[in-house]
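Descriptive analysis of the structure
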Amino acid sequence: MINIFKSSSSILFLFLNGKLEDVLTPYRIIIDFEQQTITVKKRNWYLIGSKIDIYAFRFIRHIQIEEHIFGADIQISIMGGSANVACLTKRNAEEIKRLLMLYNQERKGGFIIS
(Lines give C-alpha, C1' and ligand atoms only; values in the text may rest on other atoms or scores of the structure.)
Protein backbone atom coordinates (compact mmCIF):
# COMPACT_ATOMS: atom_id res chain seq x y z
CA MET A 1 0.00 0.00 0.00
CA ILE A 2 1.20 3.50 -0.74
CA ASN A 3 2.11 5.80 2.15
CA ILE A 4 0.91 9.12 0.70
CA PHE A 5 -1.73 9.80 -1.96
CA LYS A 6 -1.98 13.28 -3.49
CA SER A 7 -4.54 14.71 -5.87
CA SER A 8 -5.81 18.13 -6.91
CA SER A 9 -8.74 19.69 -8.71
CA SER A 10 -8.50 19.73 -12.47
CA ILE A 11 -8.46 23.32 -13.72
CA LEU A 12 -10.19 22.22 -16.92
CA PHE A 13 -12.97 20.46 -14.94
CA LEU A 14 -13.40 23.51 -12.68
CA PHE A 15 -13.85 25.68 -15.76
CA LEU A 16 -16.21 23.23 -17.51
CA ASN A 17 -18.37 22.82 -14.37
CA GLY A 18 -18.77 26.59 -14.01
CA LYS A 19 -16.71 26.98 -10.85
CA LEU A 20 -14.80 29.96 -12.21
CA GLU A 21 -14.05 31.35 -8.73
CA ASP A 22 -11.94 28.24 -8.04
CA VAL A 23 -9.97 28.13 -11.30
CA LEU A 24 -7.03 30.10 -9.83
CA THR A 25 -7.38 28.45 -6.41
CA PRO A 26 -7.85 24.70 -6.96
CA TYR A 27 -8.26 22.21 -4.11
CA ARG A 28 -5.53 19.76 -3.11
CA ILE A 29 -6.02 16.63 -1.02
CA ILE A 30 -3.23 14.66 0.62
CA ILE A 31 -3.89 11.36 2.39
CA ASP A 32 -1.04 10.24 4.64
CA PHE A 33 -1.45 6.62 5.73
CA GLU A 34 1.54 6.69 8.11
CA GLN A 35 0.26 9.64 10.15
CA GLN A 36 -3.38 8.67 9.47
CA THR A 37 -4.38 12.16 8.33
CA ILE A 38 -6.31 13.74 5.49
CA THR A 39 -5.14 17.24 4.52
CA VAL A 40 -7.25 19.54 2.33
CA LYS A 41 -5.51 22.67 1.02
CA LYS A 42 -7.01 25.58 -0.89
CA ARG A 43 -5.43 28.90 -1.83
CA ASN A 44 -7.15 32.04 -0.59
CA TRP A 45 -8.92 34.09 -3.24
CA TYR A 46 -6.28 36.85 -3.02
CA LEU A 47 -3.53 34.24 -3.80
CA ILE A 48 -1.26 35.12 -0.86
CA GLY A 49 -2.11 32.52 1.76
CA SER A 50 -3.91 29.21 1.90
CA LYS A 51 -6.44 27.40 4.04
CA ILE A 52 -5.31 24.01 5.35
CA ASP A 53 -7.65 21.57 7.09
CA ILE A 54 -6.22 18.39 8.65
CA TYR A 55 -8.46 15.53 9.75
CA ALA A 56 -7.70 12.24 11.51
CA PHE A 57 -8.89 8.95 10.00
CA ARG A 58 -10.65 7.86 13.17
CA PHE A 59 -13.22 10.62 12.77
CA ILE A 60 -14.41 9.65 9.25
CA ARG A 61 -18.12 8.84 9.17
CA HIS A 62 -19.08 8.86 5.49
CA ILE A 63 -17.56 9.20 2.02
CA GLN A 64 -19.72 10.63 -0.76
CA ILE A 65 -18.71 10.99 -4.41
CA GLU A 66 -20.84 13.18 -6.67
CA GLU A 67 -19.98 12.57 -10.32
CA HIS A 68 -20.52 15.22 -12.98
CA ILE A 69 -20.17 15.03 -16.74
CA PHE A 70 -16.64 16.32 -16.22
CA GLY A 71 -14.99 15.18 -12.98
CA ALA A 72 -16.33 14.41 -9.53
CA ASP A 73 -16.64 16.07 -6.14
CA ILE A 74 -15.78 14.13 -3.02
CA GLN A 75 -17.14 14.85 0.44
CA ILE A 76 -15.65 13.07 3.44
CA SER A 77 -17.90 13.53 6.45
CA ILE A 78 -15.89 13.87 9.61
CA MET A 79 -17.12 14.29 13.16
CA GLY A 80 -17.80 18.00 13.56
CA GLY A 81 -17.60 18.91 9.86
CA SER A 82 -16.74 17.68 6.41
CA ALA A 83 -13.85 17.81 3.95
CA ASN A 84 -14.99 18.85 0.47
CA VAL A 85 -12.83 18.71 -2.64
CA ALA A 86 -14.35 19.83 -5.94
CA CYS A 87 -13.64 18.69 -9.49
CA LEU A 88 -11.22 15.82 -9.05
CA THR A 89 -10.96 13.33 -11.85
CA LYS A 90 -13.45 10.49 -11.43
CA ARG A 91 -10.56 8.02 -11.24
CA ASN A 92 -8.87 9.91 -8.37
CA ALA A 93 -12.14 10.24 -6.43
CA GLU A 94 -12.75 6.49 -6.71
CA GLU A 95 -9.11 5.80 -5.80
CA ILE A 96 -9.42 7.88 -2.63
CA LYS A 97 -12.54 5.96 -1.63
CA ARG A 98 -10.89 2.62 -2.44
CA LEU A 99 -7.72 3.41 -0.49
CA LEU A 100 -9.63 4.56 2.60
CA MET A 101 -11.88 1.48 2.52
CA LEU A 102 -8.89 -0.84 1.97
CA TYR A 103 -7.05 0.77 4.87
CA ASN A 104 -10.17 0.36 6.99
CA GLN A 105 -10.39 -3.37 6.15
CA GLU A 106 -6.71 -3.99 6.94
CA ARG A 107 -6.99 -2.50 10.43
CA LYS A 108 -7.47 -5.22 13.01
CA GLY A 109 -7.77 -3.02 16.09
CA GLY A 110 -10.94 -1.16 15.20
CA PHE A 111 -12.84 0.63 12.49
CA ILE A 112 -12.49 3.92 10.73
CA ILE A 113 -15.61 4.40 8.65
CA SER A 114 -18.81 3.62 10.51
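Above this text sits the structure in question.
In this report, the structure presented in the accompanying data block is examined. (Residues numbered from 1 in each chain as written. Predicted model: local features only at pLDDT ≥ 70, side-chain atom pairs only at ≥ 80, totals over all residues. Heavy atoms only, no water.)

Quick look at the nonpolar core now. Counting 26 residues, the largest nonpolar core has Ile31, Ile38, Ile76 and Leu100 as its most contacted members. Elements supplying a minimum of two residues to this core: helix H1 (11–16), strand E2 (27–32), strand E3 (37–43), strand E5 (60–67), strand E6 (72–78), strand E7 (81–88) and helix H2 (90–106). Here this core takes five residues from E7, the largest share from any one element. The residues contacting Ile76, other than those within four sequence positions of it, are Ile29, Ile38, Ile60, His62, Ile63, Ser82, Ala83 and Leu100. (Core = buried A, V, L, I, M, F, W, Y, C linked by side-chain atoms within 4.5 Å. Buried < 20%, exposed > 50% of the residue type's maximum accessible area, 1.4 Å probe, protein only. Helix = DSSP H or I, 4+ residues; strand = E, 2+ residues; numbered from the N terminus. Contact = heavy atoms within 4.5 Å.)

What follows concerns the sheet that holds E6. Pairing within the open sheet is antiparallel, and its three strands lie in the order E5-E6-E7. At either end of the open sheet lies a strand with only one pairing partner, and these are E5 and E7. Along the sheet, successive strands turn relative to each other by an average axial angle of 10°, direction set aside. One ladder, built from six bridges, connects E6 with E7; its direction is antiparallel. What sits directly across from Ile76, in E7, is Ala83. (Pairing = 2+ DSSP bridges. Axes fitted to C-alpha atoms, helices over the stretch in contact; angles between N-to-C directions.)

Turning next to the sheet that holds E3. If you trace the four strands from one edge of the open sheet to the other, you get E1-E2-E3-E4, paired in antiparallel fashion. With partners counted over all chains shown, the strands left at the sheet margins are strand E1 (4–8) and strand E4 (50–56), one partner each. Within the sheet, the average angular offset between the axes of one strand and its neighbour, ignoring direction, is 15°. Bridging between E3 and E4 involves seven bridges; their strand directions are antiparallel. Each bridged residue has a counterpart across the sheet, and for Lys42 the counterpart in E4 is Lys51. Against the sheet, H2 engages E1, E2 and E3, with an angle of about 155° to E1.

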